[in-house]
Amino acid sequence: MPLSQDLLDWYDANARVMPWRVPPGERKSGKSPDPYRVWLSEVMLQQTTVAAVRAYFLDFTERWPTITALADAPDEDVMAAWAGLGYYARARNLLKCARAVRDDLNGQFPQTEAELQSLPGIGPYTSAAIAAIAFDVPATVLDGNVERVMARLFAVRTPLPKAKEELRALAATLTPDHRPGDYAQAVMDLGATICTPRNPACAICPLRGPCKARIQGIAADLPRKTPKPAKPTRYGTAYFAEGPDGSVLLERRPDKGLLGGMLGLPGTSWAEGDPEPSPPLNADWQHAGEVRHTFTHFHLVLQVMAAEVARPVGNFLTPDKVGSGDLPTVMRKAYDLGQAALR
């Protein structure tokens, strides 16, 4: 496939350096990617940028260098290490998947897309990425970067998400049997660095010649997307209760739902109307301010109430027991706001 070879030649000279990646030169020399590192990076990269993931990946692989080490880790340690990456269901599935591989597969990842999809948290995209990158299976990887490249290369005007299967079929026609893992990373790199959402650098693109969108002068307009409905806004209250020694009342949220399994301030439910106040204890509560945070499907406005309590009762933790990474971002904002209000 001439197009695929052109892209591989470009990748050999321009591959991004990433801590989870085996560079093309080393791969040609016989070095194989570690499936654990490929899987971990792909899970972390879902809905997140490479820049945001890099430090988390290095921390995880230093603390838990193998799938078995991660599977053996306490839940609360892994959830705390994940804090700040968001989408906490991914962290819960990370542990479930690691333990399934340890307990049922003798610590070895399966190599086919179908077998990989039988594991917790691994869907079509992640299974294709692991199969291709870790095991050189000619699987078709389709993320946002690949969708954009295919939409422009073939001038697909159908808007996303309706066009997804059409783009997948087009991507499959280019997936080579030779070096499919490097090819998968090449097309993702092309979308991330050359065929970017705005101002694509068509002049230096290795696929510029056959690119139909470039020829038609519509590259910057593709892919088209169906407008998303406006996100609703939900409201809630968080309570910051501090003891004489600086300890703060925290609770671990239920495993299911947003921020599942994470530490946080006690508070009300989050709803589109004003929730009923539900302070965790009797105290002289004062309004410390509000926190605004955006999740995937809604905006959150969180009122923060703060109070000093004479006799801490419950799960009060001192600041040295609550590291900057132990709380999810929205709870860290509320924590800092409550703490500042009592100073």
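The structure presented is a predicted model; accordingly, all values stated were derived computationally and were not measured.

**Student:** Which residues make up the state of the cysteines, and what are the values?
**Tutor:** Taken as a whole, this structure holds zero disulfides when the rule is applied. Cys-205 provides the cysteine sulfur closest to Cys-195, a residue in no disulfide bond, and the two sulfurs are 6.1 Å apart.

**Student:** Outline empty space enclosed by the protein, listing residues and values.
**Tutor:** In this approach the atoms are scanned with a rolling probe the size of a water molecule, which exposes any empty space left behind. Evaluated as defined, the whole model comprises three cavities of 30 Å³ or more. Of the residues forming the lining of the largest cavity, the biggest block, three residues, is contributed by helix H10 (residues 144–153). When the residues that make up the lining of the largest cavity are grouped by side-chain class, the tally is 12 nonpolar, no polar and three charged. By volume, the second largest cavity amounts to about 60 Å³. Every residue along the wall of the second largest cavity is listed here: Ala-139, Thr-140, Val-141, Val-146, Met-150, Ala-171, Thr-175, Pro-180, Tyr-183, Ala-184 and Val-187. Elements with a contribution of two residues or more to the lining of the second largest cavity: H10 and helix H12 (180–193).

**Student:** Pulling in residues and values, what's your account of the side chain of Arg-179?
**Tutor:** With respect to the element layout, Arg-179 can be found in the loop between helix H11 (164–174) and H12. A polar contact of 2.6 Å, which involves the side chain of Arg-179, links it to the side chain of Asp-12. With residues near it in sequence (within four places) discarded, Arg-179 still touches Leu-8, Tyr-11, Asp-12, Pro-24, Lys-28 and Asp-136.

**Student:** So, the packing of aromatic side chains: which residues are in play, and what are the values?
**Tutor:** Applying the stated criterion to the full structure yields 10 aromatic pairs. Plain terms: the ring middles of Phe-60 and Trp-64 are 5.0 Å apart, the flat faces sit at 70° to each other, and that makes the pair edge-to-face. Given a relative accessible area of 8%, Trp-64 falls into the buried group. Taking the centre distance of 5.1 Å and the plane angle of 70° together, the rings of Tyr-239 and Trp-285 count as edge-to-face. Remark: Trp-285 occurs in the loop between strand E4 (263–264) and strand E5 (286–294) and Tyr-239 occurs in strand E1 (residues 233–242); sequence separation between them is 46 residues. Pair check on accessibility: Tyr-239 and Trp-285 agree, each one buried. Geometry around Phe-298 places Arg-234 over its ring, the cationic atom sitting 4.0 Å from the centre. Here the guanidinium or amino end of Arg-332 rests over the ring plane of Tyr-335, the centre of that ring lying 4.8 Å away.

Cut-off values and rules
Residues numbered from 1 in each chain as written. Predicted model: local features only at pLDDT ≥ 70, side-chain atom pairs only at ≥ 80, totals over all residues. Heavy atoms only, no water. Disulfide = S-S within 2.5 Å. 1 Å grid on protein atoms, 1.4 Å probe; cavity = no way out; pocket = protein on both sides within 12 Å on 5 of 7 lines; lining within 4 Å. Points joined across faces, edges and corners; volume = space filled by probe spheres on them. Helix = DSSP H or I, 4+ residues; strand = E, 2+ residues; numbered from the N terminus. Nonpolar A, V, L, I, M, F, W, Y, C, P; charged D, E, K, R; others polar. Polar contact = N/O pair within 3.5 Å; in protein donor to acceptor, adjacent residues only side chain to side chain. Contact = heavy atoms within 4.5 Å. Phe/Tyr/Trp six-rings, centres within 6.5 Å; stacked < 30°, edge-to-face > 60°. Buried < 20%, exposed > 50% of the residue type's maximum accessible area, 1.4 Å probe, protein only. Lys NZ or Arg CZ within 6 Å of the ring centre and 35° of its normal.

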